[in-house]
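# Breakdown of the fold
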Amino acid sequence: MTTIITYGTFDLLHKGHIRLLQRAAAYGDRLIVGLSTDEFNANKGKHSYTSFADRKFMLEAIKYVDLVIPEKSWEQKVTDIKKYHVDALVMGSDWSGQFDDLEQYTKVIYLPRTDGVSTTQIKDDLNRN
Ligand code: C2G
């Protein structure tokens, strides 16, 4: 059983999120998503439109996702990697290099971001129209 983990806010779910989950899932048999809680989002300086409960509900409905756990802190990744016997951490390339310190615990893979779409862009576009 090859276990992959990724983390994120996944607010206003869009193609970029789905493509990341799809490609991450292809690296293993099980994909775990560490979903940022509303409180952790505040810590990240983000305010998500959709609540944690609703973001979790939507992620759990995605065929590429096997388990959704709360992401409450930056530090929990090592604990998660050990607890779930993670074989690889997969993140989008906007995080390139940020998690290289975790190479001592698991494989770290950065995948190219999907161009042309972001939650921020969606919000800006909607505010303009
Ligand atoms: N992503 C992507 N392409 C986009 C937008 C996002 O590949 N156009 C990827 C990001 O690189 C990330 C994942 O989708 O790997 C989730 O993106 P966010 O919800 O924006 O997550 P973020 O706020 O970056 O939180 O501890 C890590 C953080 O929780 C990551």
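Computed from a prediction, not measured in an experiment: that's the story for all the values here.

## With respect to the site of the ligand
The local shell around the ligand holds 22 residues, among which Phe10, Lys46, Glu71, Asp94 and Val117 are the closest. The contact in question runs from an oxygen atom of the ligand to an N or O atom on the side chain of lysine 46, over 2.4 Å. Between the ligand and aspartate 94, the relevant distance is 2.5 Å, taken from an oxygen atom to a side-chain nitrogen or oxygen of the residue. Out of a free accessible area of 640 Å², the ligand has 95% covered by protein chains. Of all elements in the fold, only β1 (3-8), α1 (15-25) and β4 (88-92) reach the threshold of two or more residues within the shell around the ligand. A total of 3 residues in the shell around the ligand trace back to one element, the largest contributor, which is α1. The residue makeup of the shell around the ligand, split by class, is 8 nonpolar, 8 polar and 6 charged.

## A closer look at unusual backbone geometry
Positive phi, close to 50°, is recorded for leucine 12, a residue that is not glycine. As for its placement among the helices and strands, leucine 12 is situated in the loop between β1 and α1. Classification of leucine 12 as partly exposed rests on a relative accessible area of 22%. In this structure, histidine 85 is a non-glycine residue whose phi angle is positive, near 50°. Relative to the helices and strands, histidine 85 is located in the loop between α4 (76-83) and β4.

## Thoughts on the pattern of salt bridges
Applying the stated criterion across every chain yields a total of 6 salt bridges. The partner of aspartate 11 in a salt bridge is lysine 123, with the nearest N and O atoms 3.9 Å apart. Placement of the pair is aspartate 11 in the loop between β1 and α1 and lysine 123 in helix α5 (residues 119-128), with a sequence separation of 112 residues. Judged by relative accessible area, lysine 123 falls into the partly exposed class, the value being 31%. The salt bridge partner of aspartate 38 is arginine 55, with a shortest N-O separation of 2.7 Å. Within this pair, whereas aspartate 38 is found in helix α2 (residues 38-43), its partner arginine 55 is found in helix α3 (residues 52-60), the two being separated by 17 residues in sequence. On the basis of relative accessibility, which here comes to 1%, the residue arginine 55 falls in the buried class.

## Thoughts on the UniProt feature "domain: Cytidyltransferase-like" (unreviewed entry) in the protein chain
Within this numbering scheme, the UniProt entry marks residues 5-117 as carrying the feature "domain: Cytidyltransferase-like" (unreviewed entry). End C-alpha atoms of residues 5-117 are separated by 22 Å, and the span's content is 30% helix alongside 23% strand.

Criteria and thresholds
Residues numbered from 1 in each chain as written. Predicted model: local features only at pLDDT ≥ 70, side-chain atom pairs only at ≥ 80, totals over all residues. Heavy atoms only, no water. Near = heavy atom within 4 Å. Polar contact = N/O pair within 3.5 Å; in protein donor to acceptor, adjacent residues only side chain to side chain. Areas by Shrake-Rupley, 256 points an atom, 1.4 Å probe, with all protein chains shown as cover. Helix = DSSP H or I, 4+ residues; strand = E, 2+ residues; numbered from the N terminus. Nonpolar A, V, L, I, M, F, W, Y, C, P; charged D, E, K, R; others polar. Buried < 20%, exposed > 50% of the residue type's maximum accessible area, 1.4 Å probe, protein only. Salt bridge = Lys/Arg side-chain N within 4 Å of Asp/Glu carboxyl O. UniProt positions renumbered as here; feature names shortened; annotations may be inferred.

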